[in-house]
Amino acid sequence: MNIKKSGEGPDSDILYISFNQDTTGLAIGTKRGYKLYEIKSVDKFEEIYSHDAENVCIVQRLFSSSLVAYVSQTSPRRLKVCHFQKRTEICNYSYSNTVLAVKLNRSVLIVCLEESLYIHNIRDMSVIHTIKETPSNPQGLCALTTGNDASLLAYPGSDANGLVQIFDCKNLRNLSTITAHDNPLAALAFDQNGQKLATASEKGTVIRVYAVANGQRLFEFRRGVKRCVAISSLSFSVDSLHLAVSSNTETVHIFKLEGTQPAEVESAGLFSYFNSVRPGRSAQPSAPALSGGEGGSCGGVLVG
């Protein structure tokens, strides 16, 4: 999550916060660099690495591996990929415009610009596909599945309404479109197995959950009807039975995905619930060698 975009005060040192793909780690970008934490429990974090750099506005770690990708406000068009345990830079790519979002899974690395998306092979960081002339996406809104079976990318298919485009990064083809909302999209999130997609619009009063396979609407939740809010994030629980929704109202809503009329879960049970379903540490991927590519330089090994 980009903290500055979500309205944090100017005096905050933190610019960006992100969980890794299985929520066992946390990456924080600050005005002085970035820090990586291992999550021991819901209220215990252990710092495992710190890197000095100026104004890190995006930082993403690949599961529990040594691979970290980050962008700095001082060079907003440049993506750096590093092996933090060896303290070596693997790749250094430049793009035509500001990097707004970076997403990772074990197959691909996605770089989102305002009007294009770059798909890199995680093995060698080569660009395997570019989605050009996408609808204007100034917030860098996109979502990527994290499982091994499929590699699906969701992004806005229109800047006039809530159309979602789903792209198959494995077979490099458009998979489907979902007309999710009447208003432009504000948030997107896949569940852990990539079978459900949660959406919210800029109006912020309705959150919907769709089946990725056929676009069927599975659930609809109302978090209010009178007041429009800015939804900042959506997140499924590991078992896909709950959905967390945060906004600029400084509240977090937890919805239960069961039955035909899902009910909202009381926030008092949030910490105990997430502590009970927290997954174990993921195995590290193998260590592929990297080669150079257009627009940047590569060298070294992804994971040790």
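Going by the structure above, here's the rest.
Residues numbered from 1 in each chain as written. Predicted model: local features only at pLDDT ≥ 70, side-chain atom pairs only at ≥ 80, totals over all residues. Heavy atoms only, no water.

A few words now on the pattern of salt bridges. Counted according to the given criterion, the structure contains 7 salt bridges. In this structure, Arg32 engages Asp13 in a salt bridge whose closest nitrogen and oxygen atoms are separated by 3.1 Å. Note that Arg32 is positioned in the loop between strand E2 (25–30) and strand E3 (33–41) and Asp13 in the segment before strand E1 (14–19), a separation of 19 residues in sequence. Its relative accessible area of 25% is what places Asp13 among the partly exposed residues. Lys40 is the salt-bridge partner of Glu46, the closest N and O atoms lying 3.5 Å from each other. According to the relative accessible area criterion, Lys40 is partly exposed, its value standing at 37%. (Salt bridge = Lys/Arg side-chain N within 4 Å of Asp/Glu carboxyl O. Helix = DSSP H or I, 4+ residues; strand = E, 2+ residues; numbered from the N terminus. Buried < 20%, exposed > 50% of the residue type's maximum accessible area, 1.4 Å probe, protein only.)

Read across the sheet, 4 strands follow the order E17-E18-E19-E20 without closing on themselves; strand pairing throughout is antiparallel. Edge positions in the open sheet fall to strand E17 (185–190) and strand E20 (217–222), since each of these has one partner strand only. If you compare each strand with its neighbour and ignore which way they point, the axes differ by 15 degrees on average. Two strands pair when backbone bridges link them, and E17 and strand E18 (residues 196–201) are joined in this way by 5 bridges, in the antiparallel orientation. By the bridge assignment for E18, Leu185 is matched with Ser201. (Pairing = 2+ DSSP bridges. Axes fitted to C-alpha atoms, helices over the stretch in contact; angles between N-to-C directions.)

What follows covers the sheet that holds E3. The antiparallel open sheet is built from 4 strands, whose spatial order is E1-E2-E3-E4. Of all strands in the sheet, those bounded by a partner on one side alone are E1 and strand E4 (44–52). Across the sheet, the mean angle from the axis of one strand to that of its neighbour is 20 degrees, orientation sign disregarded. Taken together, the 8 bridges between E3 and E4 define a ladder with antiparallel strand orientation. Paired with Gly33 across the strands is Asp52, a residue of E4.

Here the focus is the pairing of strand E14 (residues 152–156). It is a general feature of regular strands that their side chains alternate between the two faces of the sheet. For E14, a buried count of 5 out of 5 residues is recorded, marking the element as mostly surrounded by other parts of the structure. Two elements, strand E13 (residues 143–144) and E14, share 2 bridges in a ladder whose sense is antiparallel. Looking at the pairing, Leu144 lines up with Leu153 of E14. For E14 and strand E15 (residues 162–168), the ladder comprises 5 bridges, and the chain directions are antiparallel. Residue Ala154 lies in a different strand from E15, and its bridge partner there is Ile166. Here E14 folds back onto E15 in antiparallel fashion, the turn holding 5 residues.

So, about the state of the cysteines. In total, this model carries 0 disulfides according to the counting rule given. This cysteine, Cys142, is not joined by any disulfide, and Cys112 carries the nearest cysteine sulfur, 4.5 Å off. Taking relative accessible area as the criterion, Cys142 reaches 5% and is therefore assigned buried. (Disulfide = S-S within 2.5 Å.)

Bringing unusual backbone geometry into the picture now. For Ser240, which is not a glycine, the phi torsion comes out positive at approximately 65 degrees. Looking at where Ser240 falls in the secondary structure, it is placed in the loop between strand E21 (231–236) and strand E22 (242–247). Here Glu250, not a glycine, exhibits a phi torsion of approximately 65 degrees, which is positive. By secondary structure assignment, the location of Glu250 is in the loop between E22 and strand E23 (252–256).

Among the structural elements, Ser64 can be located in the loop between strand E5 (56–61) and strand E6 (67–72). A residue is classified by how much of its surface remains accessible, and Ser64, at 6% relative accessible area, is buried. Reaching out from Ser64, the side chain makes a polar contact with the side chain of Thr24 at a distance of 3.2 Å. (Polar contact = N/O pair within 3.5 Å; in protein donor to acceptor, adjacent residues only side chain to side chain.)

Tyr34, Leu79, Val81 and Leu109 are the most contacted members of the largest nonpolar core, which totals 33 residues. Sorting the residues of this core by element identifies E3, E5, E6, strand E7 (75–83), strand E8 (88–94), strand E9 (101–104) and strand E10 (108–112) as the ones contributing at least two each. If one sorts the elements of this core by residue count, E6 sits on top with 5 residues. Residue contacts for Tyr34: discarding those within four places in its chain leaves Ile28, Gly29, Tyr49, Ser50, His51, Val56, Val59, Val68, Tyr70 and Phe84. Residues Val209, Phe221, Val229 and Leu243 belong to the second largest nonpolar core, which totals 16 residues. (Core = buried A, V, L, I, M, F, W, Y, C linked by side-chain atoms within 4.5 Å. Contact = heavy atoms within 4.5 Å.)

Any link to function would need more than the numbers given here.
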